[in-house]
Each structure stands twice: as structure tokens, then as C-alpha cells.
Amino acid sequence: MSPLVQLAAEEAENPLIPPIPELVIGLIAFVIVFGFLAKKLLPNINKVLEQRREAIEGGIEKAEAAQTEAQSVLEQYKAQLAEARHEAARLRQEAQEQGATLIAEMRAEGQRQREEIVAAGHAQIEADRKSAAQALRQDVGHLATDLAGKLVGESLEDHARQSRVIDRFLDELEEKAEAAR
């Protein structure tokens, strides 16, 4: 056999190239199967894909809405927290002011009470001094009367005269004491 004939025979029997009638039948079967799939299966596939796409988009929208809502809640929380801090600072300031006012009032009350006590003490001392001076005046008067009676040799029991003499004597002593100052 000649190499050309051998080559032509090989080409006719090549297993990679199918015979034309099989190729036509395969092509027709492919178009029928493709058409069936396109008519029946493709709408269902498209429908499922569309549902999935809508579900995904809806989920994304829901997630974005939830994120927006969470952000607004966070902003409200931050605003409430800032307001609460401001209110706490205001209350703290008011408490400090009230404490300072209360301390000032208590100091003023203490000062007033101290002054009352001091004034009452001075009044008591003055009253005690006057009563002591009166008692001393009487005692000195009695002693002076007794002494004068012993010196004169007679009793000086007349109370009116005795009081005048004693008062005059003590007034003279006080005048001399004041003049010496």
C-alpha cells in the first residue's frame, strides 16, 4: 500500500471524528435536551436564583436597617449617658453649694450662740459683781458701825443714820479711787 492510500484509510477510520449521521443525530438530541432544559429547568433555576438574590438583598437591607437602628440606639445611649453625667455634675455642684451654705449657717449659728453665751456670762459677772459690791458694802457698813460704836463708846443702832453715814463714806472712797486712776 502506498503511503497516500494508507493515510486516506486512516482518515476514514479516525475514531476522533464521528460519522456524519451520528453527528447529526447527536446534534438533534442535544437541541432537544437543551430545549427541554431551557423550557422546564431554566425557569425554575432562574426563579430559585431570583429568590436567593432577593433574600440576600433583603438580608442586606435588613442588616443595614439593623445597623442603622443600632447606631441610632448607640447615639441615644451616648446622649443619655452624657446627660446623666451632666446631671450628676450638677447635683454634685448643688450638694457642694448646699454643704458650703450649711457650714456657713452653722458657723453663723455657732458664732451667735457663742456671743449669747459670752453676753450672758458678762451679764452674770456684772450681776455677781453688783451683788458682791452690795454685800461688801453692807458688811463694810456693819463693821464700820461696830467699830465706830466701840470707838465712840455708844451704840449706833439707828439704821437710817447708819445707812447715810456708810453710803457717804463709801461714795467718798469710790471718788478717791476714781481720781487716782
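Residues numbered from 1 in each chain as written. Predicted model: local features only at pLDDT ≥ 70, side-chain atom pairs only at ≥ 80, totals over all residues. Heavy atoms only, no water.

## Considerations on the overall build of the chain
The following threshold applies: Where helices and strands are cited, they refer to DSSP runs of H or I of at least four residues and of E of at least two residues respectively, numbered from the N terminus. For every residue, the accessible area (1.4 Å probe, protein chains only) is compared with the maximum for its type, and the residue is labelled buried under 20%, exposed over 50%, or partly exposed between those bounds. Computed by Shrake-Rupley with a 1.4 Å probe, the accessible areas treat only the displayed protein chains as cover when residues are assessed.
The helix and strand tally for the chain stands at three helices and zero strands. Reading the helices (α) and strands (β) of the chain from amino to carboxyl end gives α-α-α. Burial status across the chain gives 3% buried among its 181 residues. Counting every atom, the chain has about 16,000 Å² of accessible surface; 62% of that belongs to carbon and sulfur.

## Considerations on the pattern of salt bridges
Rules: Salt bridges are identified by distance alone: a Lys or Arg side-chain nitrogen within 4 Å of an Asp or Glu carboxyl oxygen.
This model, assessed by the stated rule, comprises seven salt bridges. The residue Glu-109 makes a salt bridge to Arg-112 at a minimum N-O spacing of 2.2 Å. Pair noted here: Glu-109 and Arg-112 are both in helix α2 (residues 20–152), with a separation of three residues, about one helical turn. Between Arg-112 and Glu-116 there is a salt bridge, with the nearest N and O atoms lying 2.2 Å from each other. Here Arg-112 pairs with Glu-116, and both are found in helix α2, just four residues apart, close to one helical turn. Residue classification places Arg-112 among the partly exposed positions, given a relative accessible area of 36%. Glu-116 gets classed as partly exposed once you look at its relative accessible area, which sits at 44%. Salt bridges here are not isolated pairs; linked through shared partners, they connect Glu-50, Arg-53 and Glu-57.

## Considerations on the confidence of the model for the chain
Where the model shows low pLDDT, its predicted coordinates should not be examined in detail. Quick reminder of the rule: pLDDT is a per-residue confidence score from the predictor, ranging from 0 to 100.
Taken residue by residue, the chain gives an average pLDDT of 83. The fraction at 70 or more is 85%. Of all secondary-structure elements in the chain, the lowest mean pLDDT belongs to helix α1 (residues 3–12), at 58, while α2 reaches the highest, 89.

## Regarding the UniProt feature "transmembrane region" (unreviewed entry) in the chain
Just so we agree on the cut-off: UniProt positions are given in the numbering used here, feature names are shortened, and annotations may be inferred rather than shown by experiment.
Mapped onto the present numbering, the UniProt feature "transmembrane region" (unreviewed entry) falls at residues 20–38. Helix and strand shares over residues 20–38 are 100% and 0% respectively, and the end C-alpha atoms of the span are 26 Å apart.

## What about the environment of Val-140?
Inspection of the secondary structure puts Val-140 in helix α2. On the basis of relative accessible area, Val-140 is assigned to the partly exposed category, the value being 29%.

## Brief notes about the packing of aromatic side chains
Keep this limit in mind: Side-chain rings of Phe, Tyr and Trp (the six-membered ring for Trp) are treated as a pair once their centres are within 6.5 Å; stacked means planes under 30 degrees apart, edge-to-face means over 60, and tilted covers the remaining angles.
Per the stated rule, a full pass over the model turns up one aromatic pair. When the ring of Phe-30 is compared with that of Phe-34, the centres are 6.0 Å apart and the planes differ by 20°; the resulting orientation is stacked. Of the two residues, Phe-30 and Phe-34 both sit in helix α2, four residues apart, roughly one turn of that helix. Since its relative accessible area comes to 53%, Phe-30 is described here as exposed.

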